[in-house]
Amino acid sequence: MIRTQRLAAGVCALLAALTAGIAFPAGAVADETTATAPKVDLVIDVSGSMRAKDIDGQSRMAAAKQAFNEVLDATPEEVQLGIRTLGANYPGDDRRTGCKDTAQLYPVGPLDRTEAKTAVATLTPTGWTPIGPALLKAADDLDGGEGSKRIVLISDGEDTCAPLDPCEVAREIAAKGIGLTIDTLGLVPNTKLRRQLSCIAEATGGTFTSVEHTDELADKVNQLVDRAADPVVTPVATTGADRCAKAPTLKSGLYTDREEFGQQRWYRVDVEPGQELRTSVSVSADRAVNPSYGVLLRAVTERGREIVRGEAAGNGRTDVVSTGLRYPKADGDDEDSAPAETVCLQVTQSFSAGSGVQSTPGLPLELTVDVVDGPSTSSDVASFGLGRGWWLLGALILTGFLAGVVWGWLSRWRFAVWRTN
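Residues numbered from 1 in each chain as written. Predicted model: local features only at pLDDT ≥ 70, side-chain atom pairs only at ≥ 80, totals over all residues. Heavy atoms only, no water.

### Some thoughts on the side chain of Thr 256
So, step 1. Tracing the sequence through the fold places Thr 256 in strand β8 (residues 253-259).
So, step 2. Of the polar contacts made by the side chain of Thr 256, one reaches the backbone oxygen of Leu 365; its length is 3.4 Å.
So, step 3. Sequence-distant contacts of Thr 256, defined by excluding residues within four places in its chain, comprise Gly 177, Pro 235, Val 236, Ala 237, Thr 238 and Leu 365. (Helix = DSSP H or I, 4+ residues; strand = E, 2+ residues; numbered from the N terminus. Polar contact = N/O pair within 3.5 Å; in protein donor to acceptor, adjacent residues only side chain to side chain. Contact = heavy atoms within 4.5 Å.)

### Observations concerning the sheet that holds strand β10 (residues 275-284)
So, step 1. An order of β7-β8-β15-β10-β13 is seen for the five strands of this open sheet, with the pairing classed as mixed. The two strands at the open ends of the sheet, each matched to only one other strand, are β7 (236-237) and β13 (320-328). (Pairing = 2+ DSSP bridges.)

### Quick look at the pairing of β8
So, step 1. When you tally the buried positions in β8, you get six out of seven residues, the bulk of the element.
So, step 2. As defined by bridge partners, β8 adjoins strand β15 (residues 363-373) across seven bridges and the pair is classed as antiparallel. Across the sheet, the residue bridging to Tyr 255 is Leu 367, located in β15. (Buried < 20%, exposed > 50% of the residue type's maximum accessible area, 1.4 Å probe, protein only.)

### A few points about the pairing of strand β5 (residues 180-186)
So, step 1. In terms of burial, β5 is a largely internal element, seven of the seven residues being buried.
So, step 2. The alternating pattern of β5 places Leu 180, Ile 182, Thr 184 and Gly 186 on one face and Thr 181, Asp 183 and Leu 185 on the opposite face, and all of these are buried.
So, step 3. Pairing of strand β4 (residues 149-155) with β5, which is carried by seven bridges, proceeds in the parallel orientation. Following the sheet pairing, Ile 151 is matched in β5 by Ile 182.
So, step 4. Remark: the β4/helix α6 (residues 166-175)/β5 crossover connection has right-handed handedness.
So, step 5. Of the pairings in the sheet, the one linking β5 to strand β6 (residues 208-210) comprises three bridges and is parallel in character. (Right-handed = clockwise from strand over helix to strand, strands pointing away.)

### Observations concerning the sheet that holds strand β2 (residues 80-86)
So, step 1. Taken in spatial order, the six strands line up as β3-β2-β1-β4-β5-β6 in an open sheet, and their pairing is mixed. Each end of this open sheet is capped by a strand with a single partner; those strands are β3 (102-109) and β6. Mean inter-strand twist for the sheet, computed between neighbouring axes without regard to direction, equals 15 degrees.
So, step 2. Here strand β1 (residues 39-45) runs beside β4; their pairing, made up of six bridges, is parallel. Of the residues in β4, the one forming a bridge with Asp 41 is Ile 151.
So, step 3. Strands in contact with helix α7 (residues 191-203) are β4, β5 and β6; relative to β5, the strand with the most contacts, it is inclined by about 165 degrees. (Axes fitted to C-alpha atoms, helices over the stretch in contact; angles between N-to-C directions.)

Spelled out as structure tokens, the structure:
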């Protein structure tokens, strides 16, 4: 009897241990999935101007609600989605109060479609257009986690809460290096609105779209939400130094930084013998700049001797200038004892600010570093001075010879038939 009780107790303990062993890893996986889940915050303008009935015969607010319902139905399960409003609660004339009117309508997290739709249905066009404060709060809504972060701003008018410029707010968000993208959609074909929303989007690498129909609005928001679910590489924020000796040492990866007008940034990369350094840099003009500019990327030794350089120039037709370089480090006689070489990367840009344009924060800079195994010496040996191309040349010669033989035989046969006839 005692043995039976002990056996039963042992079996129960074993089942409990197995259950705990299975449950804890599952919880850990769930937490990891949540931490890497993509996040989207939809920021909707609910100011008084959204009452205008100029979108497919209905008000702008009604069109936005219809589009939101379609978006909520189509949102992928893995996306954590939230909704924030601006100008939805204060109907008065006090500027200070109206410029604080932004609220989280639905928190960023796992989506309950019914609850989110119910919240959207309660919206009524009310007050001001505090775009800048809403963007700051939306960035806080998306704080935390390692997944992609995206704000989708939908508005029909310019910000009414200057001097807090929403474009400068977007640049500040981009300068934090948290990988947050802001996409903007304008409901009115207005030049000033387009300029402001474009500036907000460009500051974070997002897009601006002007929409005038309900189906266009739903389709575009769906595209942006789906894009958030796509795997992306988030740049790592770094800060270059004013000289190589103080520069950060970078590994292979994607990095982002800010560079002031007329400033130089230095970075360091260690390259082992037999490896090849491949690097590129892009500098974006996220504000008005004078035409004719360029970017220079140099690889130099620690003593200042230039190894190789890459440079590119622009003339005002594009907002991004990119260049790159490659540096193969030759194998040493004794690979095991040969030390790594520290390569100093210098980034210089010749952008200049337009009249009245702020110089801070600096222009966004994106640096790609890739240290790979160098090309195999044996596989790259030139054959008769042609490299791997001699195989193609030999095939072409053989094909031409066979084609000539066949064509000659056919010609003689046709000539013989002609003489006989």
